[in-house]
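In case you want the letters, here they are:
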Amino acid sequence: MIKSKTMRRTVFVLIISALISCKNNSKENTSGVKESISTIEVVVSQNDLQIANKNGEPNYIFLEQRDKNSAIADISKLIYFDDKIIILDTQSNKVFLFDNSGNFISEIGRAGKGPGEFLRVSDILISKPDSCIELLDAGSQKILRMDKQFNYFTSINLPFFCQNFHKSIQGEYWFFTNNQANTSKDTKESFNIIKADENVENLSFFIPIQEHMKDLVIATPYSFTNSVNASIFALPLENTLYSIHNDTVTRKYVIDFGENNLPLKYFEPLKKIETTNFPERFNILNQINKTDYAYMIHSVFETDHHVYFQFQRDKKVYGTLLNKDDWQYKTGIIPPLFGQPVYFTNNQISTVIYPHNLSGVASDSSKGELELLLSKVRENDNPIIKQIMIE
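Residues numbered from 1 in each chain as written. Predicted model: local features only at pLDDT ≥ 70, side-chain atom pairs only at ≥ 80, totals over all residues. Heavy atoms only, no water.

1. A few points about the sheet that holds strand E31 (residues 384-389)
No. 1: Ordered by their spatial adjacency, four strands build an open sheet running E6-E31-E30-E29, and the pairing between neighbours is antiparallel. Across the chains shown, the open sheet's two edge strands, defined by having one partner strand only, are strand E6 (59-62) and strand E29 (340-344). Ignoring which end each strand starts from, the neighbouring axes of this sheet average 25° apart.
No. 2: Sheet topology note: the E6/E31 ladder contains four bridges and is antiparallel. Directly across from Tyr 60, in E31, lies its bridge partner Lys 386.
No. 3: Contacting E6, strand E30 (348-353) and E31, helix H3 (residues 367-376) crosses the sheet at an angle of about 20° to E6. (Pairing = 2+ DSSP bridges. Helix = DSSP H or I, 4+ residues; strand = E, 2+ residues; numbered from the N terminus. Axes fitted to C-alpha atoms, helices over the stretch in contact; angles between N-to-C directions. Contact = heavy atoms within 4.5 Å.)

2. Some words on H3
What sets the pattern is the α-helix's 3.6 residues per turn: residues three or four places apart point alike.
No. 1: Those residues of H3 that fall on the buried side of the exposure criterion are Glu 369, Leu 370 and Leu 373. Viewed along the axis of H3, the buried residues span an arc of 100°, placing them on a single side of the element. Projecting away from the buried face of H3 at angles above 90 degrees are the exposed residues Lys 367, Gly 368 and Ser 375.
No. 2: For H3, the secondary structure elements touched by its buried residues are E6, E30 and E31. (Buried < 20%, exposed > 50% of the residue type's maximum accessible area, 1.4 Å probe, protein only. Arc of directions from axis to C-beta.)

3. Concerning the pattern of salt bridges
No. 1: Applying the stated criterion across every chain yields a total of 18 salt bridges.
No. 2: We note a salt bridge from Arg 110 to Glu 117, for which the minimum N-O separation is 2.7 Å.
No. 3: When its relative accessible area of 55% is taken as the criterion, Arg 110 is described as exposed.
No. 4: Here Lys 316 makes a salt bridge to Asp 314, at a shortest N to O gap of 3.8 Å.
No. 5: Linked by salt bridges that have partners in common, Asp 130, Glu 134, Arg 145 and Lys 167 make up one network. (Salt bridge = Lys/Arg side-chain N within 4 Å of Asp/Glu carboxyl O.)

4. Quick notes on the sheet that holds strand E15 (residues 142-146)
The strands making up a sheet associate through hydrogen bonds between their backbones, and the pairing can be parallel or antiparallel.
No. 1: Across the sheet, which stays open at both edges, the four strands sit in the order E13-E14-E15-E16 with antiparallel pairing between neighbours. Each edge of the open sheet is held by one strand with a lone partner, namely strand E13 (121-126) and strand E16 (152-157). For this sheet the average axis-to-axis angle between neighbouring strands, irrespective of direction, equals 20°.
No. 2: Relative to strand E14 (residues 133-137), E13 is paired through five bridges, and the arrangement is antiparallel. Bridge pairing in E14 links Asp 123 to Leu 136.

5. Some remarks on the confidence of the model for the protein chain
No. 1: Averaged over all residues, the pLDDT of the protein chain equals 85, while 90% of them reach at least 70.
No. 2: Within the model, pLDDT remains below 50 along residues 1-28, and this stretch shows 100 contacts once partners closer than five positions in the same chain are excluded. (pLDDT = per-residue confidence, 0-100.)

Here is the structure:
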């Protein structure tokens, strides 16, 4: 069960200890989700998040930009694979390939309606069973499969819409729909998680979408991320982190911001509005955004030793890094030169810094680092990958 404590919610972020309440029961609720919950109680403050590189200075990879065809607008996903870096840019609807030093190699695939082409790629992964590269084309509801040399060889049509996906070592797919309606011949309900075999058949469904949340798609970064053999995800406007591992969806962490938790009364108007009235629904979300409550958990990552997530409060973005070995955490406002986390391993965080944001960084903020980056890039250059070694 969830341990629910009321704590004060303020706009400050300190480096503090986390109080973790763990209960590991393996019961399954009515949505097909098992409950093994740890409650992470976060005290919010307005100091910057401090995550020091344990080996001194962080490492930077400056991604080469040869011309407009190699220009990256946004790094929506990053994968290190076979001494290369694969980058998904959903804003430009492109997938890029770089070497580990940041030298541009090529694009992977291209937009279009022909074989091996995509309308709107929304996710990418490396298939564990065969090391193939797979692209999720949300625009035409299909998966494109490529070999290790990035040559297209087949596609799989999807009978539903989804935004992200995970593939287990056994070859089974897990799809994240992010509140988008996805009824099929198998069910009249819509679900946030759909499991399928390697041919996208034999479907199983988890976490029904509440009627007032249906088609309320909130584009937060990294709401569904993959690790070596599992995935972790957060649903919009929930303070819960779910895990997918083997054949199980687990409600794993509940984030308790105490008095900073968003009151349930803010969701009541959503239940009274037609789901097709998108202007009014998003007007309600804008009203929530103006409050000083903590909400909109995103950028969720989990490794054997850490859990990381970000949230919004008072129009600022905060980050929390929990060490699962000693149940201590660090939390705070994301400083400009920390970047957007895009990849986690047990001992390293990769974040992305956009050069066009550097001009707005105060000169007394990490002055040495700022001067280094400004000496290496121009405002419209490609993003910088920052690699931070952590304890």
